Every structure is written in C-alpha cells, then in structure tokens.
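# Secondary and tertiary structure notes
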Amino acid sequence: MINQTYSVRQEGSQEYAKLVTYLQDDTPEIMIHERPLILICPGGGYCMTSDREAEVIVFQMLAMGCHAALLRYSCAPSVFPTALLELASSVKLIREHAKEWHVDPEKIIVMGFSAGGHLAGSLGMFWNRKFLADKLGIDDGKQKLLQPNGMILCYPVITSGEYAHKDSFRFLLGLNQEPVPEKLEGFEEAYPIEEMLEKLSLEKQVSEDTPKTFLWHTFEDGCVPVENSLLLVNALRKKGIDTEFHMYPYGGHGLSLASSQSVSPLGIEIVESCQSWMKLVRTWIENL
C-alpha cells in the first residue's frame, strides 16, 4: 500500500488540513489495474473530525478492493467555503493523478458522515459552480476535474430548516464567533447569513448534475433527524438522480460501522441491524 499525505490548505484553512491517501499496489499478479477511490469526510459538527469515522472506515474500503483517501478538513474557526475548497482540491488532485495512482476516473466517490455528509453533499451540489473554479484557479470548461462520480452519505446533515442540526450550521457559518459575521464570502458573491443558510440547505440545491447517491440513516437518530435524508431523497427523486436509501429502525447518531470496531465510551452503541450498510454500499460501488 502507498500511503502519502498532501496539504490541501486554502485561504482560511487550519494548519492540520490534509489529505491522506491509501493506495493499493498495482501488480501484474492481480488483474485489477484501476480501482474506485473512496474519499472519506469524517463527521464532527464542523468543529472537529471524528476518529471513529476516519481510518476505521478507510480499512473497510481497502478490504473491498478500493483505494481510499481521508480528508482532515478545516473546522471552526474556519468558515464556509474553506472545507469545501479543501474537498474540491482533493478531488482535483486525485483526478489529475488517476492514471499514475491506478484510480478508475469514473469512480471517484465522496463519502461523508454527519456534518462530513453535508460537506460531501455540498461538493455534489456545487462542483460545477463558478466560485469553486475561480478560487481553485481552474479554467472554464475544466470544472469536471472537481466532479465526484458518486456520493455516500451516512446519517448526513442536510437541511438548515425545521430539522436542522443547528450546531453544524453555527460552526460552518461562524455564528459561534464574536462578532458574528453579517455576510460571508462564497458562491459568486457575499450573502447575508440568512441567505447563506438557505443556500446551504442541500435539499434545495439538487440539480441534474448531482451525482448518484447512496444514503443511510436511522429512524431513532435524535441528533440529526432522519428527515434530513428524507428531504434529500425526495429532492433527488424529483430530479431523477439515481439514489439508494436505507432507513434502519433502531440506533442513535454517529454509529459509524455500528460494530465493536467503532463503539465509543461516549455512548455510541453496537447495533447489529445497521451493520449491513457496509455490505450494501459495497454492492452499490460495484454497480456504479
């Protein structure tokens, strides 16, 4: 395995922002010479990135026969669009090195958990927007360098409305800071905070260019309500985006693998019925 670390720092990034790649060796003894790459964005409410949704997930992706990459993106006090720029630049880096790294260029997939799901989903919605290309120095007509081929969203933060995980948006938009910003840069111009909340409610940003999507959530999630996923699935359905969704009846938020490998002293439990999501996502990746 080839393990490398790359800086993805942008204006406003934290020093720790980095992309770590986990690339399986290419060998003539194995007939697979191009593999999917799963780019993982851990959750943490945009105030940290959780270890429970980091390398433990990487190793599962490697076991499936995929390459993997782990993004430690900038959280508070960094604000939108810093983390999104880091993710977009990571996809660009992977796509530019796809041949060298033996990555299937049609299977560069972003995976996100909780607030990391909002980040991954944001790239899925905004990859073709001019503000990303401009900030990353990409020429017109080359925005497809930033395009994920699929999204895997695990109990994602989606909506800023009635069912919002409000703390995620507080940290993402700097509403926890003093003084609270009146406007934020991003998109093609700066917007007041209320308008930014609307624009970052991802169920309202689905288009025909949104990539194929796999989602899972639990009915019992009391932190990020399942309505986040339901709202997004409904929007994806309306735009005809190929979508697979699984809602499990039991289990709280932040389950990760829902197994002993990701159990936490903070009360994150083992939920055997949810462990099937990994098998289901493997089939989804193979059929993408």
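Within every chain, residues take consecutive numbers counted from 1 along the sequence as written. Local features in a predicted model are, by the rule used here, given only for residues with pLDDT of at least 70; side-chain atom pairs are given and counted only at 80 or more, and totals for whole chains, interfaces and linings are based on all residues. Each side-chain value is derived from all of the structure's non-hydrogen atoms; neither hydrogens nor water enter the calculation.

The next subject is the sheet that holds strand 1 (residues 2-7). Whether two strands pair comes down to DSSP finding at least two bridges between them. Helix and strand assignments come from DSSP, with helices taken as H or I runs of at least 4 residues and strands as E runs of at least 2, each series counted from the N terminus. Strand order in the open sheet formed by eight strands is 1-2-4-3-5-6-9-10, and the pairing between neighbours is mixed. Each of the sheet's edge strands pairs with one partner strand only, and the pair in question is strand 1 and strand 10 (243-248). In this sheet, neighbouring strand axes are inclined to one another by 15° on average, regardless of whether the strands run parallel or antiparallel. Direction of pairing for strand 1 relative to strand 2 (residues 18-23): antiparallel, over a ladder of six bridges. Residue pairing across strands places Q4 opposite T21, the latter belonging to strand 2. When checking whether two residues touch, look at their non-hydrogen atoms; a contact exists if any pair is within 4.5 Å. Here an angle of 0 to 180 degrees is reported between the N-to-C directions of two axes, which are lines fitted to C-alpha atoms, with helices fitted over the stretch in contact. Across the sheet, helix 8 (residues 227-238) is in contact with strand 6 (150-154), strand 9 (212-218) and strand 10; its angle to strand 9 comes to roughly 155°.

The salt bridge definition used is simple: a Lys or Arg side-chain nitrogen within 4 Å of an Asp or Glu carboxyl oxygen. Enumeration over the complete set of coordinates arrives at eight salt bridges. With a shortest N-O distance of 2.9 Å, K92 and E96 are connected by a salt bridge. Of the two residues, K92 and E96 are both situated in helix 2 (residues 82-96); the distance of four residues between them amounts to about one turn of the helix. As a salt-bridge pair, E286 and R282 come within 3.4 Å of each other at their nearest N and O atoms. Of the two residues, E286 and R282 both sit in helix 9 (residues 277-287), four residues apart, roughly one turn of that helix.

On to a nonpolar patch on the surface. In this analysis, a patch consists of residues with relative accessible area above 30% that form no salt bridge, clustered at 9 Å for like charges and at 5 Å for the nonpolar side chains Val, Leu, Ile, Met, Phe, Trp and Tyr. Accessible surface is estimated by sampling points in the Shrake-Rupley manner with a 1.4 Å probe; for residues, cover comes only from the protein chains shown. Together, F219, L230 and M247 give the surface a local cluster of nonpolar side chains, amounting to about 300 Å² of exposed area. By the element assignment, F219 lies in the loop between strand 9 and helix 8.

This part is about the layout of surface pockets. When its volume is computed, the largest pocket comes out at roughly 340 Å³. Of the grid points, spaced at 1 Å and generated over the protein atoms alone, those admitting a 1.4 Å probe that cannot get out make up cavities, while open sets with protein on both sides within 12 Å along at least five of seven lines make up pockets; any residue with an atom within 4 Å of a point is treated as lining. Along the walls of the largest pocket sit 17 residues, with G44, M48, S50, R52 and H253 positioned nearest its centre. Along the lines of polarity and charge, the residues of the lining of the largest pocket split into six nonpolar, nine polar and two charged. Grid points are joined across faces, edges and corners, and a volume is the space filled by probe spheres set on the points. By volume, the second largest pocket is sized at about 270 Å³. E11, G12, F80, P81 and T82 are the residues nearest the centre of the second largest pocket, which is lined by 13 residues in total. The nonpolar class holds Ala, Val, Leu, Ile, Met, Phe, Trp, Tyr, Cys and Pro. Asp, Glu, Lys and Arg form the charged class, and all remaining residues, Gly among them, are polar. Classifying every residue of the lining of the second largest pocket by side-chain character gives six nonpolar, four polar and three charged.

To estimate the expected span of a helix, subtract one from its residue number and multiply by 1.5 Å. Compared with the 21 Å implied by 1.5 Å per residue over 15 residues, the 21 Å span of helix 2 between its first and last C-alpha is a close match. Remark: exposure states derive from per-residue accessible area (1.4 Å probe, protein chains only) relative to the maximum for the residue type, with buried under 20%, exposed over 50%, and partly exposed in between. Burial of helix 2 is extensive: 14 of the 15 residues sit out of reach of the surface.

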